Amino acid sequence: MIKDIQQEIIKLKKEKDICILAHCYQAPEILEVADFVGDSFALSVEASKVKNKTVIMCGVRFMAETVKILSPDKKVILSNPDAGCPMAEMMDREVIAEVKQLYPDYTVVAYINTTSELKTICDVCVTSSSALKICKKIENDNILFIPDCNLGDWIAKQMPEKNFKLLNGGCPTHAKFSEGDALKAKKKHPDALFLVHPECKPEVVALADYVGSTTGIMDFAKNSDAKEFIIGTENSIVTHLQLQCPDKMFYPLSKDCICHNMKATTLVDVLNCCKGQFGEEITLDKEVFEGAKRCIDEMIRLG
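All values reported here derive from a predicted model rather than from experimental measurement.

Draft legend 1. Looking closely at the pattern of salt bridges. All chains considered together, the criterion is met by 10 salt bridges. Linking Glu280 and Arg61 is a salt bridge whose minimum nitrogen-to-oxygen distance equals 2.8 Å. Here the residue Glu280 occupies a position in strand β13 (residues 280-281), and Arg61 occupies one in helix α4 (residues 61-70), the gap between them amounting to 219 residues. A residue is classified by how much of its surface remains accessible, and Glu280, at 29% relative accessible area, is partly exposed. Put simply, Glu234 and Lys263 hold a salt bridge, and the shortest N to O gap is 2.8 Å. Here Glu234, found in the loop between β11 (228-232) and α13 (236-244), pairs with Lys263, found in the loop between β12 (249-252) and α14 (267-275); they are 29 residues apart in sequence, far enough to count as distant. Its relative accessible area of 35% is what places Lys263 among the partly exposed residues.

And the structure:
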């Protein structure tokens, strides 16, 4: 049944000139029909290079918006209209405009996990893998980092020469991990390396052997000589690594680390998107498009 649906998707995407993007947190059966798999911004870059006129993003809304910004002439479809991101939606333009008035001499750095509308009043975007590099290149020593205070804390600790202001925001999925979870897992698997995403709480990150983005964690595990790993990010990564590295052992930090928005997209959703019967086309008005693009362009300029 799954194979039949996958074959139909592959047939339709060729006939209709569709490029399928899948974030790493998607289910294996979706990754298998995707043209590109990876972190959100990397997928947007890949989409901008292809000749396909239609792009389906199997991820969440802010990711599809970024694809549209980098590929304005393409038709961009969000595979499931209900797939949002609590972190991206927890701060809006009005709130940050008020915060900026309190800190007028601060450069506003927005994590890519924000809405396009919020990006319009920020100075530069960052990804989890580029945040440290870009913050170091910002000439201003005063940085207001939004919305993830955990990622911001991880960066700030590596840059004591700069002044960071953090707001109380972040990823509720990664915030579920506790120091107790980490200590328990390390005791249970004493030979395993502990790999975590910087969206985790500081006390969890402090116990890690490696801290990095989703693809960074996967690459580290694949290239490491170690044979056991505790994975401190969304549990789908445990599944993917088990399939890709069957000679190694992977343990979830917590069985509860599941992003329900990422799980909203099903293989049948992708099929119906290819048929033109499901999904939502992403459109951005001129002001939002130009403002968000300026923020992303500055990220690209800084590397």
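Draft legend 2. Representation of the nonpolar core. Judged by nonpolar contacts, the single largest core of 87 residues is most densely connected at Ile146, Ile155 and Ile231. If we ignore the near neighbours within four places in the chain, the residues touching Ile155 are Ala131, Leu132, Cys135, Phe145 and Phe164. Membership of the second largest hydrophobic core comes to 18 residues, among which are Ile20, Val33, Ile56 and Leu271.

About the thresholds
- Residues numbered from 1 in each chain as written.
- Predicted model: local features only at pLDDT ≥ 70, side-chain atom pairs only at ≥ 80, totals over all residues.
- Heavy atoms only, no water.
- Salt bridge = Lys/Arg side-chain N within 4 Å of Asp/Glu carboxyl O.
- Helix = DSSP H or I, 4+ residues; strand = E, 2+ residues; numbered from the N terminus.
- Buried < 20%, exposed > 50% of the residue type's maximum accessible area, 1.4 Å probe, protein only.
- Core = buried A, V, L, I, M, F, W, Y, C linked by side-chain atoms within 4.5 Å.
- Contact = heavy atoms within 4.5 Å.

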